[in-house]
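Architecture at a glance
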Amino acid sequence: MNLSSQHFGRALDGVISARSREATRQVLRANEFQLIGAITKRPN
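These notes cover the structure that comes with them. Computed from a predicted model, the values in this text were never measured in an experiment. (Residues numbered from 1 in each chain as written. Predicted model: local features only at pLDDT ≥ 70, side-chain atom pairs only at ≥ 80, totals over all residues. Heavy atoms only, no water.)

Across its full length, the protein holds one helix and zero strands. A buried classification covers 2% of the 44 residues belonging to the protein. For the protein, the accessible surface area stands at approximately 4300 Å², while carbon and sulfur atoms represent 61% of it. (Helix = DSSP H or I, 4+ residues; strand = E, 2+ residues; numbered from the N terminus. Buried < 20%, exposed > 50% of the residue type's maximum accessible area, 1.4 Å probe, protein only. Areas by Shrake-Rupley, 256 points an atom, 1.4 Å probe, with all protein chains shown as cover.)

Taken together, the side chains of Phe8, Leu12 and Ile16 make up a nonpolar region of the molecular surface, amounting to roughly 320 Å² of accessible area. Position of leucine 12 relative to the elements: it lies in helix 1 (residues 2-40). (Patch = residues over 30% accessible without salt bridge, like charges linked within 9 Å, V, L, I, M, F, W, Y side chains within 5 Å. Salt bridge = Lys/Arg side-chain N within 4 Å of Asp/Glu carboxyl O.)

Remember that the coordinates give geometry; whether it matters functionally is a separate question.
Here is the structure:
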């Protein structure tokens, strides 16, 4: 039981860290689009 709970915790930690990395990447991408829009002076 203890070994399976360790595996579950490790898998859950991997999923959480992957989702947080993806969220950070999406935020950076949104800021990148805003920067491109500001440089080209196109309305958002």
